[in-house]
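Chain residues, written in single-letter form:
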Amino acid sequence: MKTSNRDLLVLLKDESMDNQAIEHEVELLNEILFHVESTDTFCRANEIVDMNKYKVLHDQKCLVQLMYQSELKPFIFLCNKN
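Residues numbered from 1 in each chain as written. Predicted model: local features only at pLDDT ≥ 70, side-chain atom pairs only at ≥ 80, totals over all residues. Heavy atoms only, no water.

Draft legend 1. Local environment of the overall build of the protein chain. Broken down by element type, the protein chain carries 3 helices and 3 strands. Reading the protein chain from its N end, one meets helices and strands in the order α-α-β-β-α-β. Its C-alpha radius of gyration of 18 Å places the protein chain more than 25% over the 12 Å reference for a compact globule of 82 residues. Taken along the three principal axes of its C-alpha coordinates, the protein chain extends 60 × 25 × 20 Å. (Helix = DSSP H or I, 4+ residues; strand = E, 2+ residues; numbered from the N terminus. Rg over C-alpha atoms; globule rule 2.2 N^0.38 Å.)

What follows is the structure, encoded as structure tokens:
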């Protein structure tokens, strides 16, 4: 797994943690986020509601295409299933 280039704000309750323990926690957080932020996970958690055609789309290909558009067409919504 490649190291990601991101800024994380980690709040600690325990002030006695040394730098090595903090680095280990950040590595674990990056590993979790790497798996959670995948395209497959995004497509399972979201759907497209197209009010122009009165359809709800769950297709991964459609979701990925919509995700990379700079602007959505009117009355097409990207909705989280939660």
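Back to the text.
Draft legend 2. Fine view of a nonpolar patch on the surface. Together, Met51, Tyr54, Phe75 and Phe77 give the surface a local cluster of nonpolar side chains, amounting to about 490 Å² of exposed area. When you line up the elements, Tyr54 lands in the loop between strand 1 (46–50) and strand 2 (55–57). (Patch = residues over 30% accessible without salt bridge, like charges linked within 9 Å, V, L, I, M, F, W, Y side chains within 5 Å. Areas by Shrake-Rupley, 256 points an atom, 1.4 Å probe, with all protein chains shown as cover. Salt bridge = Lys/Arg side-chain N within 4 Å of Asp/Glu carboxyl O.)

Draft legend 3. How the structure looks around the pattern of salt bridges. Counted according to the given criterion, the structure contains 2 salt bridges. We note a salt bridge from Glu37 to Arg6, for which the minimum N-O separation is 3.0 Å. Placement of the pair is Glu37 in the loop between helix 1 (19–36) and helix 2 (39–45) and Arg6 in the segment before helix 1, with a sequence separation of 31 residues. In this structure, the salt-bridge partner of Asp40 is Arg44, at a minimum N-O distance of 2.8 Å. Taken together, the positions of Asp40 and Arg44, both in helix 2 and 4 residues apart, correspond to about one turn of that helix. Of the residues examined, Asp40 reaches a relative accessible area of 37% and is grouped as partly exposed. (Buried < 20%, exposed > 50% of the residue type's maximum accessible area, 1.4 Å probe, protein only.)

Draft legend 4. Geometry of the pairing of strand 1. In terms of burial, strand 1 is a largely internal element, 5 of the 5 residues being buried. Alternating residues of strand 1 divide into Asn46, Ile48 and Asp50 and Glu47 and Val49, and every residue in both groups is buried. Bridge count for strand 1 against strand 3 (residues 76–80) is 5 bridges, and the pairing is antiparallel. Residue pairing for strand 3: Asp50 is matched across the bridge by Ile76. (Pairing = 2+ DSSP bridges.)

Draft legend 5. Summary view of unusual backbone geometry. Unusually for a residue other than glycine, Tyr54 sits at a positive phi of about 55°. On the accessibility criterion, Tyr54 (70% relative accessible area) is exposed. At Phe75, a position not held by glycine, the phi torsion is positive, near 65°. Within the fold, Phe75 resides in the loop between helix 3 (60–67) and strand 3.

Draft legend 6. How the structure looks around the environment of Ala21. Note that Ala21 resides in helix 1. Residue Ala21 is classed as partly exposed on the basis of its relative accessible area of 26%. Separated by 45 residues in the primary sequence, Ala21 and Leu66 place their C-alpha atoms 40 Å from one another.

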